[in-house]
Amino acid sequence: PDDTERLFIVEQRSGSTGRIKILNLVTGAVNSTPFLSLTVSTSSEQGLLGLAFHPNYNQNGYFYINYTASNGNTVIKRYTVSSGNPDVANSGSGYTIMTISQPYSNHNGGWLGFSPIDGYLYIGTGDGGSGGDPGNRAQDITNQKLGKMLRIDVDGDSPYGIPNTNPFVGVTGDDEIWAYGLRNPWRCNFDRETGDLWIGDVGQNAWEEITFQPASSMGGENYGWRCYEANHAYSTGGCPSPNTMVFPVWEYSHSYGCSITGGCIYRGGAIPSLDGTYFFGDYCTNKIWSF
């Protein structure tokens, strides 16, 4: 949260506990007391998966987490930093914003972040799991929050409001949906200079992809899954025309890796020549690339 002396580290789980730890960048030591600890599900890809600080964190102390509860459901919850110690959260301040049922234990997504342009909270959800999206959830906008990018206004109502500019407000489709056709968005990032959104979307069994959404987007994009895996047809029966879809700006095959970990655009001042460079990795090979 605009802090040059602390790095907040989200640990998925240790046993049945997910933790947020603080690394002191001055001393190089990890604080002995976690910022937050909570009980999470321990199955498959579940656990504590995402953290986002409210744009006015320095005034209201709000931060938001994305985790899978003991019953396997995705939970978006707000916490408040403790009043007496900025290195420890108030563990009793948890306030549930949203709960999403998960049919399987994998493909939970988990990222959430505030746009530097509109200030809304964006939530990336996986398609619900198994393989090949058997419920066609990513393409279903009528009653499914899975396989989507959601956009909500955490300041607009309780527990949240719907921005009236969301693309499916007033028409068939869940009002929270901003974009759809995602398989398992495993790390996304807003370019803090431009507001563009970069999405690393984990592939099925052949291709990994990076999707780009410009800050000028009005939402409603269909990013193709389960019809397409990156740029390649996967299961196109009953799918709309590919002309209605937005395809990735980058892909790589499983001869190079097998599970993308989306990264971020470098906007630091220490290495000016890297300004605008996107860095990302692959879980299976431990490689880090850039373009």
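Check the entry above for the structure.
Keep in mind that what you see is a predicted model, and the values were worked out from it rather than measured.

## A closer look at the overall build of the chain
- Helices and strands together make up the secondary structure of the chain, namely 1 helix and 20 strands.
- Compactness check: the chain gives a C-alpha radius of gyration of 19 Å against a globular reference of 19 Å for 291 residues, within 12% of the reference.
- By the burial criterion, 50% of the 291 residues in the chain qualify as buried.
- Long-range contacts, defined as pairs at least 24 residues apart, comprise 51% of the intrachain contacts of the chain with a sequence gap of at least 6.
- On the chain, roughly 12700 Å² of surface is accessible, and the fraction owed to carbon and sulfur atoms is 47%.

## Describing the layout of surface pockets
- Of the pockets and cavities examined, the largest pocket occupies roughly 1900 Å³.
- Contributing to the lining of the largest pocket are 50 residues, with Leu51, Trp111, Leu112, Cys188 and Asn189 lying nearest its centre.
- Contributions of two or more residues to the lining of the largest pocket are made by strand S1 (6-14), strand S4 (48-53), helix H1 (57-60), strand S8 (112-114), strand S12 (185-190) and strand S18 (260-265).
- Top element by residues in the lining of the largest pocket is S4. It accounts for 6 residues.
- Looking at the lining of the largest pocket residue by residue, the classes come out as 23 nonpolar, 18 polar and 9 charged.

## Observations regarding the sheet that holds strand S2 (residues 17-24)
- Spatially, 3 strands are ordered S1-S2-S3 in an open sheet, and the strand pairing comes out antiparallel. Two strands bound the open sheet, and with one partner strand each, they are S1 and strand S3 (36-39). Averaged over all adjacent pairs, the angle separating strand axes in this sheet is 15°, with direction ignored.
- Bridge count for S1 against S2 is 7 bridges, and the pairing is antiparallel. Opposite Ser14, over in S2, you have Thr17 as the bridge partner.

## Considerations on unusual backbone geometry
- The residue after Ser158, namely Pro159, is reached through a cis peptide bond having omega 5°.
- Position of Pro159 relative to the elements: it lies in the loop between strand S10 (148-152) and strand S11 (177-180).
- Note that the residue after Trp225, namely Arg226, is joined by a cis bond; omega there is 10°.
- As for its position among the elements, Arg226 is in the loop between strand S14 (207-213) and strand S15 (228-229).
- Although it is not a glycine, His107 sits at a positive phi angle of roughly 60°.
- You can see His107 is positioned in the loop between strand S7 (89-100) and S8.
- You can call His107 buried: its relative accessible area is 4%.
- The backbone phi angle of Asn136 is positive, close to 50°, even though this residue is not glycine.
- Structurally, Asn136 can be placed in the loop between strand S9 (121-124) and S10.
- Assessed through its relative accessible area of 26%, Asn136 is described here as partly exposed.

## Looking at the state of the cysteines
- On inspection of all chains with the given rule, the structure shows 2 disulfides.
- With its sulfur 2.0 Å from that of its partner, Cys227 forms a disulfide with Cys239. Judged by the sign of its S-S torsion, about -95°, the cystine formed by Cys227 and Cys239 is left-handed. Remark: Cys239 occurs in the loop between strand S16 (232-233) and strand S17 (250-253) and Cys227 occurs in the loop between S14 and S15; sequence separation between them is 12 residues.
- On the accessibility criterion, Cys227 (0% relative accessible area) is buried.
- Each sulfur of the disulfide joining Cys258 and Cys284 lies 1.7 Å from the other. Measuring handedness by torsion sign, the sulfur bridge of Cys258 and Cys284 sits at about -55° and is left-handed. Here Cys284 lies in the loop between strand S19 (278-282) and strand S20 (288-290) and Cys258 lies in the loop between S17 and S18, a separation of 26 residues in the sequence.
- Given a relative accessible area of 30%, Cys258 falls into the partly exposed group.
- Residue Cys284 is classed as partly exposed on the basis of its relative accessible area, which comes to 38%.

Criteria and thresholds
Residues numbered from 1 in each chain as written. Predicted model: local features only at pLDDT ≥ 70, side-chain atom pairs only at ≥ 80, totals over all residues. Heavy atoms only, no water. Helix = DSSP H or I, 4+ residues; strand = E, 2+ residues; numbered from the N terminus. Rg over C-alpha atoms; globule rule 2.2 N^0.38 Å. Buried < 20%, exposed > 50% of the residue type's maximum accessible area, 1.4 Å probe, protein only. Contact = heavy atoms within 4.5 Å. Areas by Shrake-Rupley, 256 points an atom, 1.4 Å probe, with all protein chains shown as cover. 1 Å grid on protein atoms, 1.4 Å probe; cavity = no way out; pocket = protein on both sides within 12 Å on 5 of 7 lines; lining within 4 Å. Points joined across faces, edges and corners; volume = space filled by probe spheres on them. Nonpolar A, V, L, I, M, F, W, Y, C, P; charged D, E, K, R; others polar. Pairing = 2+ DSSP bridges. Axes fitted to C-alpha atoms, helices over the stretch in contact; angles between N-to-C directions. Disulfide = S-S within 2.5 Å.

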